[in-house]
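Chain by chain, the residues run as shown.
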Amino acid sequence: MPTASLQTRPRFGEYRCSCGRYWESRLSWARSYQICKRCRKPVYPTNQRELRQSDLTQSQGKENRPEHQKEFCQMCQQLGHYCGTNSNNVKSRRKH
Ligand SMILES: [Zn+2]
Ligand SMILES: [Zn+2]
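Residues numbered from 1 in each chain as written. Chains lettered and ligands numbered in written order. Predicted model: local features only at pLDDT ≥ 70, side-chain atom pairs only at ≥ 80, totals over all residues.

- As named in an unreviewed UniProt entry, the protein chain is 3CxxC-type domain-containing protein, taken from Loxostege sticticalis.

Following this line, the structure appears as structure tokens:
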């Protein structure tokens, strides 16, 4: 069952809820909201930009990256699974 128009790539998004909570996500999808963890309201990104290679490598290297919780992500809910699995197409060049 192909899910049309879900082929786009995730972006880096900034979210600002009316309750004052602010967060960032590397799995920010156009026209998709994320749920505010404080007040449980859907929030659309106030700002989005293309993901940079450094965003992805940083997120892989650090353990303190913010958790992406499926129940707070509209795209995850639509897909029925973690929405970030397709972003692993990045060629993993390891400099070290
Ligand atoms: Zn809120
Ligand atoms: Zn998601």
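What follows continues from the structure just given.
1. Regarding the overall build of the protein chain
Thinking step 1. Each helix and strand counted, the protein chain has two helices and five strands in total.
Thinking step 2. Within the protein chain, counting contacts between residues at least 6 apart in sequence, those at least 24 apart form 52% of the total. (Helix = DSSP H or I, 4+ residues; strand = E, 2+ residues; numbered from the N terminus. Contact = placed C-beta atoms within 7 Å.)

2. A look at the environment of Cys76
Thinking step 1. Along the polypeptide, Cys76 turns up in helix 2 (residues 74-79).
Thinking step 2. Taking the number of C-beta atoms within 10 Å as the measure of exposure, Cys76 has 20 and is therefore buried.
Thinking step 3. Distance in space between the C-alpha atoms of Cys76 and Leu27 is 9.7 Å, their sequence separation being 49 residues.
Thinking step 4. Discounting residues that sit within four places of it in the chain, Cys76 has contacts with Lys70, His81, Tyr82 and Cys83. (Buried ≥ 20, exposed ≤ 12 C-beta atoms within 10 Å, placed from the backbone.)

3. Focus: the sheet that holds strand 1 (residues 11-16)
Thinking step 1. Spatial strand order, 2-1-5: three strands in an open sheet with antiparallel pairing. Only two strands of the sheet have a single neighbouring strand rather than two, namely strand 2 (22-28) and strand 5 (47-49). Each strand of the sheet is rotated relative to its neighbour by a mean of 15°, with strand direction disregarded.
Thinking step 2. Bridging between strand 1 and strand 5 involves three bridges; their strand directions are antiparallel. Bridge pairing in strand 5 places Gly13 opposite Gln48. (Pairing = 2+ DSSP bridges. Axes fitted to C-alpha atoms, helices over the stretch in contact; angles between N-to-C directions.)

4. Quick look at unusual backbone geometry
Thinking step 1. Despite not being glycine, Arg31 shows a phi value in the positive range, around 60°.
Thinking step 2. Mapping Arg31 onto the fold places it in the loop between strand 2 and strand 3 (34-35).
Thinking step 3. Among the residues examined, Arg31 registers 10 C-beta atoms within 10 Å and is labelled exposed.
Thinking step 4. One non-glycine residue, Arg40, lies in positive phi territory at about 65°.
Thinking step 5. As for its placement among the helices and strands, Arg40 is situated in the loop between strand 3 and strand 4 (42-43).

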